[in-house]
Amino acid sequence: MILKNARIILEDKEIKNGWIEIEDKKIKNIGEGATTLDGTDLNGKTIMPGFIECHVHGGYGVDFETGTVEGYKKFAKLVAQEGVTKYCQGSVTNSRENNIKYFGAFKEFMASQTEPAAICLGCHLEGPFISPEKKGAHELELLAKPNEKDMQELIDLSGNNIRVVTYANDLQDGSFTKFLLKNRIIPSMGHTPTSYDDAMRDYKLGAKHCTHLFNAMSGVDHREPGLATLALDYDDFLVEVISDGIHVAQPVLELIYRAKGPKQICIITDAMNAKGMPDGEYKLGNLDVVKKGMRVALKSSGMLAGAGATYDHNVRIYHSLIGMSLVELSWMTATNIAHQLGIYEETGSIEVNKLADLVVVDDDLNIAMTIVEGQVAFQK
Ligand SMILES: [Zn+2]
């Protein structure tokens, strides 16, 4: 497959007009200028690395907690329309019974991804190891202190497919962090009122990922700094940002960008099953929620509960706010998280011999086409 007459966003520069040749799953060649080779004329549209989302719970009516392989496959197909080529499927706090059902189906799904669709890299386990004080929409009775025994059980149930774990670092002594690292799982501090010192201990152990910065943690207090201060202050610390303009106010999105720069941010949605669906009433676990536009809130209190925005929406919001170059934007949507997940050698930037995980966008960053490992998974 040849894509030609395109603007191409490489990791360190852009090609104003060029072409990409794809063979099987990989990028075989990248050229500047016109080509006489037969191919798809993109009419000046832009090719970026496919978006990699490490934190999403569902969408298009599919709730990951429902635990069906068909549901997971449907999501993988439909999320490609957001430009997403790879993602981690988020799980929320569940009963043991539900976890057995959920992770059983998940394990089966992980072993059977074949169609042209976005590819699930594994699970982002968000709960039960979080703090009751910052539990968000998670169920209080089901929370647990971070512990190796329960964690090992979940690893086994998932078929060793857990990639990221959000945990309250202040509820353990560092041993849980070491356990995750030993199992090649990314420890992500979040859903915690942790003190700065407690967070620093785990950071020094190697916890260098932060779950949805500013959400479900203390803010930046000048006398009682916590996780947010540490996350903003240290350069080798990747922060997830829900840039829908709802979960983090726009001036704070600007603040995060200025403090961290484009190499230490990864855009996420944290979206739930109502994403991509019409406005109306939905369920988040056992809770009744209402979706209106990109906002999802508890029916009872109006409190935010999960998110309803698509990945491309969040990309457009952050870009319109900062106006960073598309090279820098692509670090925030693909390259940074590819490094973090340990898949940078294969994907996360446009380079010869890497997987052809690509998204084609128009001048307003609307998605025109998504290519996953050389196959068209979405075309407008
Ligand atoms: Zn989440």
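Residues numbered from 1 in each chain as written. Predicted model: local features only at pLDDT ≥ 70, side-chain atom pairs only at ≥ 80, totals over all residues. Heavy atoms only, no water.

Caption draft 1: Inspection of the coordination of the zinc ion at higher detail. Each protein donor to the zinc ion is listed here as His55 (NE2), His57 (NE2), Glu126 (OE) and Asp270 (OD); together their distances run 2.0 to 2.1 Å. One can describe the donor arrangement at the zinc ion as irregular, given that its four donor atoms subtend angles of 85 to 174° at the metal. In primary sequence terms, the donor set of the zinc ion follows H-x1-H-x68-E-x143-D. Taken as a pair, His55 in strand β6 (residues 51-56) and Glu126 in strand β10 (residues 119-126) lie far apart in primary sequence, 71 residues in all. Take His55: its relative accessible area is 0%, and that puts it in the buried class. (Donors = N, O, S within 2.8 Å, 3.2 Å for Na, K, Ca; no water. Tetrahedral: all angles 85-135°; square planar, octahedral: opposite > 155°, others 65-115°. Helix = DSSP H or I, 4+ residues; strand = E, 2+ residues; numbered from the N terminus. Buried < 20%, exposed > 50% of the residue type's maximum accessible area, 1.4 Å probe, protein only.)

Caption draft 2: Structural view of the layout of surface pockets. A volume near 690 Å³ is recorded for the largest pocket. Of the residues assigned to the lining of the largest pocket, the class counts are 13 nonpolar, 16 polar and seven charged. Around the second largest pocket sit 16 residues that line it, and Arg163, Arg184, Ile185, Ile186 and Leu341 are the ones nearest its centre. Breaking the lining of the second largest pocket down by element, the ones donating at least two residues are β11 (162-167), β12 (186-189) and α9 (326-341). For the lining of the second largest pocket, the class distribution of residues is seven nonpolar, six polar and three charged. (1 Å grid on protein atoms, 1.4 Å probe; cavity = no way out; pocket = protein on both sides within 12 Å on 5 of 7 lines; lining within 4 Å. Points joined across faces, edges and corners; volume = space filled by probe spheres on them. Nonpolar A, V, L, I, M, F, W, Y, C, P; charged D, E, K, R; others polar.)

Caption draft 3: Summary view of the sheet that holds β10. Within the open sheet, the eight strands sit side by side as β6-β9-β10-β11-β12-β13-β14-β15. Their pairing is parallel. Strands with a single pairing partner mark the edges of an open sheet, and in this sheet they are β6 and β15 (265-268). Bridge analysis of strand β14 (residues 238-242) against β15 gives four bridges, and the strand direction is parallel. Each bridged residue has a counterpart across the sheet, and for Glu240 the counterpart in β15 is Cys266. (Pairing = 2+ DSSP bridges.)

Caption draft 4: Quick look at the nonpolar core. By size, the foremost hydrophobic cluster in this structure holds 75 residues, and its most contacted members are Tyr87, Met151, Ile162, Val165 and Tyr318. A total of six residues in this core trace back to one element, the largest contributor, which is helix α2 (residues 96-110). If we skip the residues at most four places from it in the chain, Val165 touches Leu125, Phe129, Met151, Phe176, Leu180, Ile185, Ile186, Pro187 and Ser188. Ala6, Ile47, Met369 and Ile371 belong to the second-largest nonpolar core, a separate cluster that totals 17 residues. (Core = buried A, V, L, I, M, F, W, Y, C linked by side-chain atoms within 4.5 Å. Contact = heavy atoms within 4.5 Å.)

Caption draft 5: Inspection of the pairing of β10 at higher detail. Of all eight residues making up β10, seven are buried, and the element is well covered by its neighbours. With six bridges joining them, strand β9 (residues 84-91) and β10 adopt parallel strand pairing. Looking across to β10, one finds that Lys86 is bridged to Ile119. In this region the chain leaves β9, passes through α2 and returns to the parallel neighbour β10; the handedness of that crossover is right-handed. Taken together, the four bridges between β10 and β11 define a ladder with parallel strand orientation. Following the sheet pairing, Cys123 is matched in β11 by Ile162. Following the chain from β10 across helix α3 (residues 148-157) to the adjacent parallel β11, one finds a crossover that is right-handed. (Right-handed = clockwise from strand over helix to strand, strands pointing away.)

Caption draft 6: Local environment of the packing of aromatic side chains. Taken as a whole, this structure holds 16 aromatic pairs when the rule is applied. For the ring pair Phe75 and Tyr87, a centre distance of 5.3 Å and an interplane angle of 70° mean the geometry is edge-to-face. Of this pair, Phe75 sits in helix α1 (residues 69-78) while Tyr87 sits in strand β9, and the two are twelve residues apart along the sequence. Among the residues examined, Phe75 registers a relative accessible area of 0% and is labelled buried. Arranged with centres 5.6 Å apart and planes meeting at 50°, the rings of Tyr167 and Phe176 form a pair that is tilted. A single burial state applies to Tyr167 and to Phe176, both of which are buried. Through pairs of rings, three or more aromatic residues link up here, namely Tyr60, Phe64, Tyr72, Phe75, Tyr87, Tyr102, Phe103, Phe106 and Phe109. Here Lys263 stacks its cationic end above the ring of Trp331, 4.3 Å away from the centre of that ring. When the ring centre of Tyr344 is taken as origin, the NZ or CZ atom of Lys354, which lies over that ring, is 3.6 Å away. (Phe/Tyr/Trp six-rings, centres within 6.5 Å; stacked < 30°, edge-to-face > 60°. Lys NZ or Arg CZ within 6 Å of the ring centre and 35° of its normal.)

Caption draft 7: Up close: the packing of α2 against α3. Contact geometry of α2 with α3 gives a least axis separation of 8 Å together with a crossing angle of 35°. Across the interface between the two elements, Arg96, Asn99, Ile100, Phe103, Gly104 and Lys107 of α2 pack against Glu153, Leu154 and Leu157 of α3. (Axes fitted to C-alpha atoms, helices over the stretch in contact; angles between N-to-C directions.)

Caption draft 8: Main features of the pairing of strand β21 (residues 375-379). Here strand β20 (residues 367-372) runs beside β21; their pairing, made up of four bridges, is antiparallel. Paired with Ile371 across the strands is Val376, a residue of β21. The hairpin turn running from β20 into β21, its antiparallel successor, is two residues long, and Glu373 in that turn takes a positive phi close to 45°.

Caption draft 9: Spatial organisation of the sheet that holds strand β18 (residues 295-298). Strand order across the open sheet formed by three strands is β16-β17-β18, with antiparallel pairing between neighbours. In this open sheet, the two strands that pair with only one neighbour each are β16 (280-284) and β18. Taken over all neighbouring pairs, the strand axes of this sheet differ in orientation by 35° on average, direction set aside. Taken together, the four bridges between strand β17 (residues 287-292) and β18 define a ladder with antiparallel strand orientation. The residue of β18 that forms the bridge with Lys291 is Val296.

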